[in-house]
Amino acid sequence: MSRGYLIYAIDEPYISMANILKKSIEYHTNDAVTILSNKFPDGDATFGKKHKIHNFWQIYWATPYDETIVVDADMLFLNDYSYWWNYLSKFDLLFPDTIINYKQETIQHPQYDKVFIENDIRPAYEKMFYFKKSLLAQEFFTILEQVIKNFNKFSNIKGWKNLLNHDWISYPPSHMATSYIFPICIKMLGIEDVIYDKNDIFKYIDMKLSCLNTSNIIKWDEDLNYWGDYKEFYIENFKQYYPLHYRNAEIHTL
Amino acid sequence: MPKLKKQDQSKNLSTLSKGAIFLAFNNKEINYVKLACLSASSVRKHLNLPCSLITDAGSLRHFEKLEYIRVDKTFENIIIDEKTDKDYKKDHFYSKYKIGNTDNIRKFYDTPYSTFNSQFKNLTKHNIYNLTPYDRTILFDVDFLVNNAILNLAFDVNSPIQLYRNAQTLKNTEPDHPTDKRLNDVSIPLCWSTVIYFNKSPMSKMFFDMWKHVKENYDYYQSVYKFPQGLYRTDFAVSISMHLLKGFNDCVDDVFAELPASPMKYMAYKDDIASVDKNGIVFFANEYGKEWNNILTYSEGENLHMMNKRAIDRHYNKLMELYV
């Protein structure tokens, strides 16, 4: 069984970020890394689009590996997490159940996405996830294709209410982002019970402002002290262990 | 060196001396030696540990003159820390925190309605490692009252350093003041130096040496960890030392354990004692941000960090009756 990391990155600055991430993975591990920015089996559907995630569903068919960990381009590997592979191979599709902030505090679901929680949909923490070539994963990516291709049906109030099967007023996702469409797909398939890592082994650090448990921060890369590079990285003197999702911050030391 | 068998190890452990230690340096406002007598009485009653006092000659004279009792009735050992006064005067650090002719001034509350300024002589607390006469020691702040035997379990835990990382108010809620939770909301969690278990081991020595290092470079660490400027707080120094020794991580490990029966319950400076009965204490728990609002709470059989020292003084005799 082949194993490797796949980074989905279309256009700049994501391709540059993906290259830094690739370098960080290769520094800490001996695992294979692929950056997916073209050569999509079903063609490139992102031309002229603002949010370039229209090809995301093709990952399943594009990956050269039997087992893949998909990572967002704006992440950084800071340690060798090779021990994950043997654990992950027990699953067909796995997302982190919880993630942490740079202070190692567990992020609560409502902090991550209050609106989704109010609508009884939990966040998927899809910035890093694992899948194996399997029926469940294929099913997931197939529904993902449908949701991406028919996103306009969910992004209006009528479609949103139909999906949620309730009548109260709630606001549909405003634009196509993985953090919206992944939870929708998981909800539609009803697989919440099997695809989250209940053992909390598989996780990453997220720098989303609402999850930092602090006020007065507008841009974390300007308001917090950080130093280091992909070999080791510190934020406010906390040494970061897990993969860091730095969210488009301009980290000048990389 | 041959390895000890498990049986020998436990035998060895039982021969190691254990005890409680208190630091008390009086000033014009607070009679710390008197508070230490109360705290030591609670330790003797509930933990049955020998107690030692570290003080200076002036504090001892002051106490004995005012109270007409001898401290050697409460403490097995009285260690006069001769260096203290000299250290305080020499320490370049102190001149920074000087107000008038007095060093390291802290504003103390006695309920929300009364305040007073008092010197806070805590710069040499890290030196306790060298001064303790015991192999295994629990260091108590003099405003800590022991009301059950659970802290004796610390001697059975195989961790060289144990302290409280969590605290709760008299209303069983998390601390109201942000710096009683973290040094800053972007920074590390606060660890309390109120009660510290330690043994004579290289790891413990490293911890107290690191504490000294943090104290000596307090300004630098203030800029790194972003805690409020001004007063030297040993809680901050301890929290930073632990974070540095843990490799800049906030993780659970075997070296630094949480003391038994965490969280530590505390009476805040703005709380007051309503009355003391034969089993427990009735408090006025003041509401943070609503100073006019006090809630009656009762505590019995719980260890208590009694921050409002003037309140202890007002009810001293009644409190002492709990421990005789």
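Please read all numbers here as calculations on a predicted model, not as lab measurements.

## Quick word on the overall build of chain B
And then number 1: The number of helices and strands found in chain B is eleven helices and 16 strands.
And then number 2: Counting across all 324 residues of chain B, residues that qualify as buried make up 40%.
And then number 3: For chain B, long-range pairs separated by at least 24 residues make up 73% of all intrachain contacts whose partners lie at least 6 apart in sequence.

## Quick word on the overall build of chain A
And then number 1: When helices and strands are counted, chain A shows ten helices and twelve strands.
And then number 2: In summary, chain A has a C-alpha radius of gyration of 18 Å against a globular reference of 18 Å for 254 residues, a match within 12%.
And then number 3: Principal axes of the C-alpha set define a box for chain A whose edges measure 50 × 45 × 40 Å.
And then number 4: Taking all 254 residues of chain A together, 36% fall into the buried category.
And then number 5: Considering only residue pairs separated by 6 or more positions, chain A has 75% of its internal contacts joining residues 24 or more positions apart.

## A closer look at the sheet that holds strand E8 (residues 205-206) of chain A
And then number 1: Pairing within the open sheet is mixed, and its three strands lie in the order E4-E12-E8 (chain A). Each having just a single partner strand, strand E4 (75-76) and E8 of chain A make up the two edges of the open sheet.

## A look at the environment of Phe129 of chain A
All names here are of chain A.
And then number 1: Position of Phe129 among the secondary structure elements: in strand E6 (residues 128-132).
And then number 2: Residue classification places Phe129 among the buried residues on the basis of 25 C-beta atoms within 10 Å.
And then number 3: Along the sequence, Phe129 and Pro64 sit 65 residues apart, while their C-alpha atoms lie 16 Å from each other.

## Considerations on the sheet that holds E6 of chain A
All names here are of chain A.
And then number 1: Across the sheet, which stays open at both edges, the six strands sit in the order E2-E1-E3-E6-E5-E7 with mixed pairing between neighbours. In the strand order of this sheet, the two ends are held by strand E2 (32-36) and strand E7 (196-197), each with one partner.
And then number 2: Where strand E1 (residues 3-8) meets E2, five bridges bridge the pair, whose relative direction is parallel. Across the sheet, residue Tyr8 finds its bridge partner in E2, namely Leu36.
And then number 3: Across the sheet, helix H1 (residues 14-28) touches E1, E2 and strand E3 (67-72), and the angle it forms with E2 is around 175°.

## Points about the pairing of strand E5 (residues 93-96) of chain A
All names here are of chain A.
And then number 1: Burial of the side chains of E5 extends over both faces: Leu93 and Phe95 are buried on one face and Leu94 and Pro96 on the other.
And then number 2: Relative to E6, E5 runs antiparallel, the two sharing two bridges. From the neighbouring strand, Leu94 faces E6, where its bridge partner is Tyr130.
And then number 3: Strand direction decides the pairing type here: E5 and E7, joined by two bridges, are parallel.

## Topic: helix H9 (residues 178-189) of chain A
Helical periodicity: at 3.6 residues per turn, an α-helix aligns residues three or four positions apart in one direction.
Residue and element names in this part refer to chain A.
And then number 1: Under the 1.5 Å per step criterion, the end-to-end length of H9 is 16 Å for twelve residues, consistent within 8% with the ideal 16 Å.
And then number 2: Turning to H9, its buried residues are Tyr180, Ile181, Phe182, Pro183, Ile184, Cys185 and Ile186.
And then number 3: Backbone geometry just downstream of H9 places Gly190 in the positive-phi region, at approximately 65°.

## Some words on the confidence of the model for chain B
And then number 1: Taken over all residues, the pLDDT of chain B has a mean of 88, while the share at 70 or more is 89%.
And then number 2: Reported confidences for the modelled complex are a pTM of 0.86 and an ipTM of 0.80.

## Quick notes on helix H3 (residues 57-67) of chain B
Residues and elements named next belong to chain B.
And then number 1: Those residues of H3 that fall on the buried side of the exposure criterion are Ser59, His62 and Phe63. Down the axis of H3, the buried set is contained in an arc of 95°. They therefore lie on one face. Facing away from the buried side of H3 by over 90 degrees, the exposed positions are Ala57, Arg61 and Lys65.

## Let's talk about the packing of helix H7 (residues 202-216) of chain B against helix H9 (residues 234-245) of chain B
All names here are of chain B.
And then number 1: The contact between H7 and H9 brings their axes to 9 Å, and the two run at 120°. For the element pair H7 / H9, the angle class is oblique. The two elements H7 and H9 cross, and the hand of that crossing is right-handed. On H9, the residues that touch Met206, Phe207, Met210, Trp211, Val214 and Lys215 of H7 are Ala237, Val238, Ile240, Ser241, Leu244 and Leu245.
And then number 2: A breakdown of the residues in the contact of H7 with H9 according to their chemical character gives ten nonpolar, one polar and one charged.

## Some details on the nonpolar core
And then number 1: By size, the foremost hydrophobic cluster in this structure holds 78 residues, and its most contacted members are Ala20, Phe22, Ala24, Ala36, Leu163 and Val195 of chain B.
And then number 2: Counting residues per element, this core draws most heavily on helix H2 (residues 32-46) of chain B, at eight residues.
And then number 3: When sequence neighbours within four positions are dropped, the list of residues in contact with Ala20 of chain B reads Ala40, Val43, Leu47, Leu49, Cys51, Ile138 and Phe140 of chain B.
And then number 4: With 66 residues, the next largest nonpolar core counts Met75, Phe202, Phe233 and Phe238 of chain A among its residues.

## A closer look at the environment of Leu296 of chain B
And then number 1: With respect to the helices and strands, Leu296 of chain B occurs in strand E15 (residues 290-299).
And then number 2: The residues touching Leu296 of chain B, leaving out its near neighbours within four places in the chain, are Ala274, Val282 and Phe284 of chain B.

## Some thoughts on the pairing of strand E5 (residues 115-119) of chain B
And then number 1: Sheet analysis places strand E4 (residues 105-109) of chain B next to E5 of chain B, joined by five bridges and oriented antiparallel. Counted as the bridge partner of Phe108 of chain B is Phe116 of chain B from E5 of chain B.

Criteria and thresholds
- Position labels on residues start from 1 in each chain and follow its written sequence.
- Written order decides the labels, with chains lettered from A and ligands numbered from 1.
- Given that the model is predicted, a residue must reach a pLDDT of at least 70 before its local features are reported, and side-chain atom pairs must reach 80 or more before they are shown or counted; all residues, however, enter totals for whole chains, interfaces and linings.
- The numbering of helices and of strands both runs from the N terminus, where a helix is a DSSP run of H or I of at least 4 residues and a strand a run of E of at least 2.
- Neighbour counting defines burial: a residue surrounded by 20 or more other C-beta atoms within 10 Å of its own C-beta is buried, one with 12 or fewer is exposed, and intermediate counts give partly exposed, using backbone-placed C-beta atoms.
- Placing C-beta atoms from the backbone, we regard two residues as in contact once those atoms come within 7 Å.
- Our radius of gyration is a C-alpha quantity, and the globule rule it is checked against amounts to 2.2 Å times the number of residues to the power 0.38.
- Pairs of strands are assigned from DSSP output, requiring at least two bridges between the strands.
- Think of each axis as a best-fit line through the C-alpha atoms, taken over the contacting stretch in the case of a helix, with angles from 0 to 180 degrees between the N-to-C directions.
- A helix is expected to span 1.5 Å for every residue after the first.
- As a per-residue measure, pLDDT reflects the predictor's confidence and takes values from 0 up to 100.
- Picture the helix axis, draw a direction to every C-beta atom, and the arc is the one those directions span.
- Should an angle lie under 35 degrees it is considered roughly parallel, over 145 roughly antiparallel, and from 65 to 115 roughly perpendicular; all remaining angles are considered oblique.
- By convention the crossing between two helices is left-handed if the near helix lies anticlockwise of the far one by an angle smaller than a right angle, and right-handed if it lies clockwise.
- Charged means Asp, Glu, Lys or Arg here, nonpolar means Ala, Val, Leu, Ile, Met, Phe, Trp, Tyr, Cys or Pro, and polar covers whatever is left, Gly included.
- Note on terminology: a nonpolar core is any set of buried Ala, Val, Leu, Ile, Met, Phe, Trp, Tyr and Cys residues joined through C-beta atoms within 7 Å.

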